[in-house]
Amino acid sequence: MASVESPTVLVVGAGLAGLVAATELDTAGVSVQVWEARDRIGGRCWSVPVGPDAVRLDLGAAWHWSEHERVKDLAECLGVERVRQHEPGIAVRETTVGGSTEQFEWPETPPPSWRFAEGAQALHEALAATLPDDAIQFNHRLTALHRTDPGMRAAAQTSDGERTVDVEAVVLAVPPRLALYTVRFRPPPPPPTLDAMRSMPTWMSHTGKAAVTYDRPFWREKGLAGRVKSEVGPVHDWHDAVTLDGKAALVGFMNPPGPASPTPLNPEEQETALVRQLVHCFGQEAANPTGIATCDWTQEAATTPPVGSLSDPDAPPDPAPALQEPLWDGRLHLAAAETAADHPGYLDGAIEAGCRAASALT
């Protein structure tokens with residue numbers, strides 16, 4: 001495919017919303033380029049190889065549920081295999097450091113959830129493969145958006161210095177709160193939009209994740225679900241992540257490292273604390289993981305703004321109509337997952353937001 005030199009539309013962010021928008025625009029015949037601040041696609045979906053078998057495990061967003069029809073349909077269209085989350089069995093509750101743990105029956109039929117056989121990033125890779133060569137420009141951190149008479153001018157900091165491009169329209173598919181504190185807008189968005197950008201939590205920005213692999217899924221052999229609820233450990237929620245071919249793994253939501261956190265800042269001490277917790281919950285068989293990987297999303301500059309994240313949301317955000325309105329005479333569209341009218345913050349919401357922006361520009 002031909003390289004994209006002077007795009008008509010600039011998409012900022014190579015997460016799910018941005019890639020959906022870009023592929024929809026490209027399919028409609030619109031010249032499009034994607035700027036991504038990281039050196040990879042996926043945004044808050046990051047599937048890393050862990051352990052000697054290089055099992056791809058999700059250190060970012062991973063799951064979707066039955067009501068998320070857009071995710072299911074897109075995965076089927078792209079040939080990306082889904083995995084039903086293993087849940088039945090006995091779960092473990094950890095309430096005191098070094099004290100006894102409690103086992104309790106996990107529901108036999110919880111609300112069904114799915115993940116992806118090769119991690120959520122596989123969905124992004126399948127989308128990106130349909131775009132023209134060089135359509136995605138990595139290490140491009142957006143710094144400014146200016147409304148001009150013919151269209152818009154965007155500026156980015158790249159590994160080669162500042163870059164500017166003039167385009168007809170921009171799809172801003174990065175978290176609204178991040179954009180507010182890292183991008184110079186001229187003119188600024190209207191007050192209702194600014195207020196919504198400021199108050200909208202960014203999914204994943206308040207947390208961390210950990211992933212471990214083992215030589216076998218010993219917890220299943222004991223009738224355990226691989227599920228841990230902890231009030232004191234570095235990981236507050238562990239989940240089974242065994243692959244379709246039986247590779248043993250666990251993933252969990254981790255308390256961000258810090259002086260007042262049960263998760264140490266030092267990487268070696270952090271791994272020691274993770275293993276200690278797993279031994280406490282699952283027994284001595286958990287003492288020898290074959291691989292460990294972690295991510296602290298509070299320190300990810302392409303997710304969390306310098307002012308930090310909002311407090312941990314107890315539930316997905318409510319839709320914010322102000323974030324769904326096109327700006328600058330329809331030339332600027334906010335399209336991160338949090339801007340969705342349906343399932344905001346989720347993978348399904350990211351698809352909805354990306355489709356909305358693309359539809360408005362075709």
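Residues numbered from 1 in each chain as written. Predicted model: local features only at pLDDT ≥ 70, side-chain atom pairs only at ≥ 80, totals over all residues. Heavy atoms only, no water.

Attention now moves to the sheet that holds strand β21 (residues 332-334). Across the sheet, which stays open at both edges, the five strands sit in the order β10-β2-β1-β14-β21 with parallel pairing between neighbours. The two strands at the open ends of the sheet, each matched to only one other strand, are β10 (136-137) and β21. As paired elements, strand β2 (residues 32-35) and β10 share two bridges and run parallel to each other. Bridge pairing in β10 places Val34 opposite Ile136. (Pairing = 2+ DSSP bridges. Helix = DSSP H or I, 4+ residues; strand = E, 2+ residues; numbered from the N terminus.)

Tallying each qualifying case throughout the model produces nine aromatic pairs. Seen in terms of ring centroids, Trp63 and Phe253 are 6.1 Å apart; in terms of plane orientation they differ by 40°. Their pairing is tilted. A residue pair is termed long-range when its members are at least 10 positions apart, and Trp63 in the loop between β4 (55-58) and β5 (64-65) and Phe253 in strand β19 (residues 248-254) qualify at 190 residues. Their ring planes at 85° and their centres at 5.1 Å tell us that Phe218 and Trp219 sit as a pair that is edge-to-face. For the residue pair Phe218 and Trp219, the accessibility class agrees, reading buried in each case. By the ring-pair criterion, three or more aromatic residues cluster together here, those being Tyr214, Phe218, Trp219 and Phe282. Lying across the ring of Trp114, Arg82 places its NZ or CZ 4.8 Å from the centre. A cation sits over an aromatic face here: Arg93 above Phe104, 4.1 Å from the ring centre. (Phe/Tyr/Trp six-rings, centres within 6.5 Å; stacked < 30°, edge-to-face > 60°. Buried < 20%, exposed > 50% of the residue type's maximum accessible area, 1.4 Å probe, protein only. Lys NZ or Arg CZ within 6 Å of the ring centre and 35° of its normal.)

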